[in-house]
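Tertiary structure, described
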Amino acid sequence: QVQLVESGGGLVQAGGSLRLSCAPSRRTPSLYVMGWFRQAPGKEREFVAAITWSGELPYYADSVKGRFTISRDPAKTTLYLQMNSLKPEDTAVYYCAAAYSLGVDLVSGKGYNYWGQGTQVTVSS
């Protein structure tokens, strides 16, 4: 079974940067879209960003727009999330998700076929 493996999380001071990476553990069907979600303690999972595998339609949550950049490397089947100007409220476990079917809701998370185990991002004030 395909799993997504995230890396790049850690502890950083407010204003700092981190880059998250995500890659599948094995070959997958052709992907349609990949995205990032996060979940802070005591809160529901929320959408962060998504991008179609063709590179079109990068889409961001308002809370990260202008600070985070989602990108992908098709040759490596790897998804990235560059996070700049980090704030304490960005502290969460970040999850990567991927979908090969068209019936996916980018924001709610419904329809994604694969999910990662998550990587912790902690931003200190």
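As a starting point, this report considers the structure included with it.

Cut-offs used in this document
Residues numbered from 1 in each chain as written. Predicted model: local features only at pLDDT ≥ 70, side-chain atom pairs only at ≥ 80, totals over all residues. Heavy atoms only, no water. Phe/Tyr/Trp six-rings, centres within 6.5 Å; stacked < 30°, edge-to-face > 60°. Helix = DSSP H or I, 4+ residues; strand = E, 2+ residues; numbered from the N terminus. Buried < 20%, exposed > 50% of the residue type's maximum accessible area, 1.4 Å probe, protein only. Lys NZ or Arg CZ within 6 Å of the ring centre and 35° of its normal. Disulfide = S-S within 2.5 Å.

What follows deals with the packing of aromatic side chains. Scanning the model with the defined rule gives six aromatic pairs in all. With centroids separated by 5.6 Å and ring planes inclined at 35°, the aromatic side chains of F47 and Y59 adopt a geometry described as tilted. In this pair, F47 is assigned in strand β5 (residues 46-52) and Y59 in strand β6 (residues 59-60), connecting sequence segments twelve residues apart. Judged by relative accessible area, which is 8%, F47 ranks as buried. On the accessibility criterion, Y59 (39% relative accessible area) is partly exposed. A connected cluster of aromatic rings, assembled from ring pairs, spans F37, F47, Y59, Y112 and W115. One residue, R45, lies across the ring of F37, its end atom 5.4 Å from the ring centre.

Under the defined criterion, the tally for this structure stands at one disulfide. The disulfide partner of C22 is C96, and the S-S distance across this bridge is 2.0 Å. Across the S-S bond linking C22 and C96, the dihedral sits near -75°, which makes this disulfide left-handed. Of the two residues, C22 is situated in strand β3 (residues 18-24) and C96 in strand β9 (residues 92-99); the sequence distance between them amounts to 74 residues.

Worth remembering: the numbers are spatial, not functional.
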